[in-house]
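# Chains, contacts and geometry: an overview
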Amino acid sequence: PKKTFLALWGVVVCRLLIPFSIPSRFSFYTGLDMVKRMFAERTASSSTEGMTGIPNIPNMPGARAPIGIGTSAASISPVEMVWLAGMCVCALFFIVAYIIWQSNRIKAPLTYGVFHPIILLPKKTDWTDETRLRYILTHEFTHIRRFDTLAKLVLTAAVCVHWFNPFVWVMVVLANRDMELSCDETVVRTFGETVKSAYASMLVCMEETKSELTPLVNHFSKNATEKRIVSIMKIKKTS
């Protein structure tokens, strides 16, 4: 199921935002530390063979690390200042983009809001096409039921903190795509596999009126439509 990928992205986001690690006996990194420790002990034991009579250097007087002069540098380094400036710029960009979309200029259905989400529909919506409206509302209601708007807020926080890492930007794009794929899968399984062609055709029509990228908003046709259509047509009935 496509929602499996969302759970995996959640693990990545937690690792990016939580400033500490939780030790585990069964961790892959724990095994690496054990191998490094064993290798270091063997190296130390082999290097000390035949060196009897040499005093323990760390315990010798004056063997401590020298204290640097003038180490009271500025509390914030230039690198940290650049990082803070980049984070503020990214946060400002997403906030402004989020506020701007409180308008009537939307061209495709979307879910807006985090704590009190609402579904916004374009003014040119064909209210007589009840079948398409069912597809749209089911898709957007899936976003609301899964708290995808809150998930997008967390993703935005991660990309603001790690704005210098290109892989985090790629993660946000792929995670947003997987949200849409998961909702598409839910719609198809709700109405049955017979609606795959009609639902895919609707996505093509939505793509014709596609608007720009809208941060913090779950957009019905924001991600790669081709990938979504291929995934929809590949959905099979499971026992």
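Note that the coordinates shown come from a computational prediction; the quantities given were computed from them, not determined experimentally. (Residues numbered from 1 in each chain as written. Predicted model: local features only at pLDDT ≥ 70, side-chain atom pairs only at ≥ 80, totals over all residues. Heavy atoms only, no water.)

Check the secondary structure of the protein and you find eight helices and three strands. Secondary structure elements of the protein occur, N-terminal to C-terminal, as α-α-α-β-β-α-α-α-α-β-α. Counting only residues that meet the buried cut, the protein has 31% of its 239 residues in that class. (Helix = DSSP H or I, 4+ residues; strand = E, 2+ residues; numbered from the N terminus. Buried < 20%, exposed > 50% of the residue type's maximum accessible area, 1.4 Å probe, protein only.)

Packing of helix α4 (residues 130-145) against helix α7 (residues 196-208) brings their axes to within 11 Å, and their N-to-C directions diverge by 80°. One finds that α4 runs roughly perpendicular with respect to α7. Mapping the contact onto sequence places Arg132, Tyr135, Ile136 and His139 in α4 and Ala198, Tyr199, Met202, Cys205 and Met206 in α7. Residue classes in the contact of α4 with α7 are distributed as seven nonpolar, one polar and one charged. (Axes fitted to C-alpha atoms, helices over the stretch in contact; angles between N-to-C directions. Parallel < 35°, antiparallel > 145°, perpendicular 65-115°, else oblique. Contact = heavy atoms within 4.5 Å. Nonpolar A, V, L, I, M, F, W, Y, C, P; charged D, E, K, R; others polar.)

Let us look at the pattern of salt bridges. Tallying each qualifying case throughout the model produces six salt bridges. For glutamate 185, the salt bridge goes to arginine 189, with nearest N and O atoms at 3.8 Å. Highlighted residues: glutamate 185 and arginine 189, both in helix α6 (residues 166-191), separated by four residues, approximately one helical turn. Classification of glutamate 185 as buried rests on a relative accessible area of 12%. Since its relative accessible area comes to 43%, arginine 189 is described here as partly exposed. In this structure, a network of salt bridges that share partners links the residues Glu180, Asp184 and Arg228. (Salt bridge = Lys/Arg side-chain N within 4 Å of Asp/Glu carboxyl O.)

Attention shifts here to the packing of aromatic side chains. Inspection of every chain in the model, using the stated rule, returns five aromatic pairs. A centroid spacing of 6.4 Å and a plane angle of 25° characterise the contact between phenylalanine 94 and tryptophan 169, whose relative ring orientation is stacked. Of this pair, phenylalanine 94 sits in helix α3 (residues 78-100) while tryptophan 169 sits in helix α6, placing them 75 residues apart in sequence. Of the residues examined, phenylalanine 94 reaches a relative accessible area of 10% and is grouped as buried. Judged by its relative accessible area of 35%, tryptophan 169 falls in the partly exposed class. Centroid distance tyrosine 135 to tyrosine 199: 5.8 Å. Interplanar angle 85°. Geometry classified as edge-to-face. With tyrosine 135 in helix α4 and tyrosine 199 in helix α7, this residue pair connects regions lying 64 residues apart in the sequence. The residues tyrosine 135 and tyrosine 199 share a single accessibility class, namely buried. Three or more aromatic residues joined by ring pairs form one cluster here, namely Phe93, Phe94 and Trp169. (Phe/Tyr/Trp six-rings, centres within 6.5 Å; stacked < 30°, edge-to-face > 60°.)

On to the side chain of serine 231, then. Relative to the assigned elements, serine 231 resides in helix α8 (residues 225-234). Here lysine 227 takes part through its backbone oxygen, which lies 2.9 Å from a polar atom of the side chain of serine 231. Contacts of serine 231, omitting those with residues within four sequence positions, involve Lys2 and Leu181. (Polar contact = N/O pair within 3.5 Å; in protein donor to acceptor, adjacent residues only side chain to side chain.)

Turning our attention to the nonpolar core. Counting residues in hydrophobic clusters, the biggest one holds 12 residues: Val13, Cys90, Phe94, Leu155, Ala158, Val159, Cys160, Val168, Met171, Val172, Ala175 and Met179. Contributions of two or more residues to this core are made by α3, α5 (148-161) and α6. The element best represented in this core is α6, accounting for five residues. With residues near it in sequence (within four places) discarded, alanine 158 still touches Leu16, Leu17, Val168 and Met171. If you look at the next biggest cluster of nonpolar residues, it comprises 11 residues, including Val188, Val195, Leu203 and Met206. (Core = buried A, V, L, I, M, F, W, Y, C linked by side-chain atoms within 4.5 Å.)

The grouping of Leu17, Phe147, Leu150, Leu153 and Val154 at the surface amounts to a nonpolar patch, some 390 Å² of accessible area in total. Of the residues forming the nonpolar patch, the biggest block, three residues, is contributed by α5. Structurally, the position occupied by phenylalanine 147 is in the loop between α4 and α5. (Patch = residues over 30% accessible without salt bridge, like charges linked within 9 Å, V, L, I, M, F, W, Y side chains within 5 Å. Areas by Shrake-Rupley, 256 points an atom, 1.4 Å probe, with all protein chains shown as cover.)

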